[in-house]
Amino acid sequence: MPGIGTPTGDWARCQNRDTCWGLTPRLLVEAADSITAELADTQRRIDRLTAERIALTVATFAGGGRTGPTTPDTEGDKGRSGMSTRHAPGDDEAPAATGRAFDAVLCDLDNVIRFYDTTPLAALERAAGLPEGTTADIGYAPEIDLPLLLGRITPDAWVESVAAGLTERVGAERAHELGRALADAPFRADEEVVSLLRRARTHVPLVLVTNATLQLEADLVLLGLTDLADAVVSSAVEQVAKPDPAIYRIAAERAGVPMERCLFVDDRQENIDAAAALGMTTALYRQHADLRRALGPYAEKAVVAP
């Protein structure tokens, strides 16, 4: 393969400036085209090598297979250090590569940080003669759930849609009761996960990336997590949901780092796959150890020099 700028075609055959002088404009264009083609080929080779490096990183940091539920330890670091050694989003320059796998953490909310208690709903389903999980199966079906997650309908309208899917089986009144119980299911934050993320944030920016409703801000207040992250990217606000690549790009921009310098944590494989396709380091979350392993040394609070 010729090197960058190596003449080709008529330009390469022209050995005598005097005899080729009359063709100079055409030959100059040919030379420029040749150089452009070689630069494009070089860029492709660079991209291929970069992709191979990313694949190796993903394999190293991926979160592992499905495991059973865990009981979180309620002790841990519940605060954030007053000083931070991390790069702040919005700084003029992006953080330079330092040999580490990522410069920002993008983390899902539901089933990683927040967990719902569906016990009251399950009791209502048993009383109605329905298998447990029936209401959630209807409520979380894409045609019912996606309009809510994109901010196109209110939670009340979503409850009505869920009830409509149950009415023939249990009657309108009980169907509405089940839909409301799903919408109002109590939730809590996993304190161990919160502690790990607070520690990570003393090193690098943290952005929550979640398929959520327009009630997310109020939910974070109830959870006491309004100060957990540097930014929150909500599907209902952005009107785009995971695994659409657009929401990952938005999150990386909010973190202030390139996508290939982000660690993405989520409990759904399809969301993980979409992040990996964009060059992100990924961790499939099933238990605390998955997150702790992915964060590596960032699972410990940064030590700030006096």
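Participant: Help me understand helix H12 (residues 245–255), please; the structure alone is not making it clear to me.
Facilitator: For an α-helix the count is 3.6 residues per turn, leaving residues at separations of three or four pointing the same way. Here H12 has its buried residues at Ile247, Tyr248, Ile250, Ala251, Ala252 and Ala255. Buried residues along H12 sit in contact with strand S1 (104–107), strand S4 (206–210), strand S5 (231–234), helix H11 (235–238), strand S6 (262–266) and helix H13 (269–277). Its side-chain oxygen placed 2.9 Å from the backbone nitrogen of Ala246, Asp244 serves as the N-cap of H12. A positive backbone phi angle near 80° is found at Gly256, which sits one or two residues after H12.

Participant: What's the story with the layout of surface pockets in this structure? I'm lost.
Facilitator: Where empty space is left in the structure can be found by rolling a water-sized probe over the atoms. As a volume, the largest pocket reaches approximately 1200 Å³. Asp110, Tyr140, Asp145, Leu149 and Asn211 are, among the 36 residues lining the largest pocket, the residues nearest its centre. Counting residues per element, the ones that place at least two in the lining of the largest pocket are strand S2 (114–116), helix H6 (142–149), helix H7 (155–170), helix H8 (172–183), helix H10 (216–223) and H13. By residue number, the principal contributor to the lining of the largest pocket is H6, which donates five residues. Taken together, the residues that form the lining of the largest pocket break down as 17 nonpolar, seven polar and twelve charged.

Participant: I'm lost on the pattern of salt bridges in this one. Help?
Facilitator: A side chain with one charge may pair with a side chain of the opposite charge, provided their charged atoms come close. Overall, the coordinates contain 14 salt bridges when judged by the stated rule. Here Arg114 and Asp219 are joined by a salt bridge, their closest N and O atoms 2.9 Å apart. Here the residue Arg114 occupies a position in strand S2, and Asp219 occupies one in helix H10, the gap between them amounting to 105 residues. With relative accessibility at 11%, the residue Asp219 sits in the buried group. For Arg180, the salt bridge identified is with Asp184, shortest N-O distance 3.6 Å.

Participant: Could you clarify how one ought to interpret the sheet that holds S5 in this entry?
Facilitator: Backbone hydrogen bonds are what pair the strands of a sheet, in a parallel or an antiparallel way. Strand order in this open sheet of five strands is S5-S4-S1-S6-S7, and the pairing throughout is parallel. In this open sheet, the two edge strands, each paired with only one partner strand, are S5 and strand S7 (281–284). Each strand axis lies, on average, 20° off the axis of its neighbour in the sheet, ignoring direction. Judged from the four bridges that link them, S6 and S7 form a sheet pairing that is parallel. Residue pairing in the sheet places Val265 in a bridge with Ala283 of S7. Sheet contacts for H12: S1, S4, S5 and S6; angle to S5, the most-contacted strand, approximately 170°.

Participant: Hey, could you run me through the packing of helix H4 (residues 119–127) against H8 in this one?
Facilitator: Helix-helix packing is described using two parameters, namely the angle between the two axes and the distance between the axes. One way to put it is that H4 packs onto H8 with a least axis distance of 9 Å and a crossing angle of 160°. Here H4 lies roughly antiparallel to H8, going by the angle between them. For H4 against H8, the interelement crossing comes out left-handed. Where H4 approaches H8, its residues Leu121, Leu124, Glu125 and Ala127 are matched on the opposing element by Arg174, Glu177, Leu178, Ala181 and Leu182. For the contact of H4 with H8, the per-class residue count stands at six nonpolar, no polar and three charged.

Participant: Looking at this structure, how should I read unusual backbone geometry?
Facilitator: Residues apart from glycine generally show negative phi values, whereas peptide bonds are mostly found in trans. With an omega of 10°, the peptide bond between Lys242 and Pro243 qualifies as cis. Even without a glycine there, the phi angle at Gln239 is positive, about 60°. Relative to the assigned elements, Gln239 resides in the loop between H11 and H12. Given the relative accessible area of 54%, Gln239 is considered exposed.

Participant: So what exactly am I meant to see when it comes to the packing of helix H9 (residues 191–201) against helix H14 (residues 288–295) here?
Facilitator: One way to put it is that H9 packs onto H14 with a least axis distance of 10 Å and a crossing angle of 10°. Comparing their axes, H14 and H9 come out roughly parallel. Counting all contacts with H9, which are made through Glu192, Val193, Leu196, Leu197 and Ala200, the residues of H14 involved are His288, Leu291, Arg292 and Leu295. Taken together, the residues of the contact of H9 with H14 sort by class into six nonpolar, one polar and two charged.

Participant: What should I look at first to understand the confidence of the model for the protein chain in this one?
Facilitator: Predicted coordinates in regions of low pLDDT should not be interpreted in detail. Taken over all residues, the pLDDT of the protein chain has a mean of 79, while the share at 70 or more is 66%. Scored below 50 in pLDDT, residues 1–25 shows 25 contacts in the model against residues more than four places distant or in partner chains. Of the regions scoring below 50 in pLDDT, residues 49–98 engages in 86 contacts with residues more than four places distant in sequence or in other chains.

Participant: Would you explain the pairing of S5 in this entry?
Facilitator: Moving residue by residue along a regular strand, the side chains alternate between the two faces of the sheet. When S4 meets S5, the two strands line up parallel, connected through four bridges. Considered in S5, the bridge of Thr210 is made with Ser234. Once you follow S4 into H10 and on to S5, the crossover reads as right-handed.

Reading guide: rules and limits
Residues numbered from 1 in each chain as written. Predicted model: local features only at pLDDT ≥ 70, side-chain atom pairs only at ≥ 80, totals over all residues. Heavy atoms only, no water. Buried < 20%, exposed > 50% of the residue type's maximum accessible area, 1.4 Å probe, protein only. Helix = DSSP H or I, 4+ residues; strand = E, 2+ residues; numbered from the N terminus. Contact = heavy atoms within 4.5 Å. Polar contact = N/O pair within 3.5 Å; in protein donor to acceptor, adjacent residues only side chain to side chain. 1 Å grid on protein atoms, 1.4 Å probe; cavity = no way out; pocket = protein on both sides within 12 Å on 5 of 7 lines; lining within 4 Å. Points joined across faces, edges and corners; volume = space filled by probe spheres on them. Nonpolar A, V, L, I, M, F, W, Y, C, P; charged D, E, K, R; others polar. Salt bridge = Lys/Arg side-chain N within 4 Å of Asp/Glu carboxyl O. Pairing = 2+ DSSP bridges. Axes fitted to C-alpha atoms, helices over the stretch in contact; angles between N-to-C directions. Parallel < 35°, antiparallel > 145°, perpendicular 65-115°, else oblique. Left-handed = near helix turned anticlockwise from the far one by under 90°. pLDDT = per-residue confidence, 0-100. Right-handed = clockwise from strand over helix to strand, strands pointing away.

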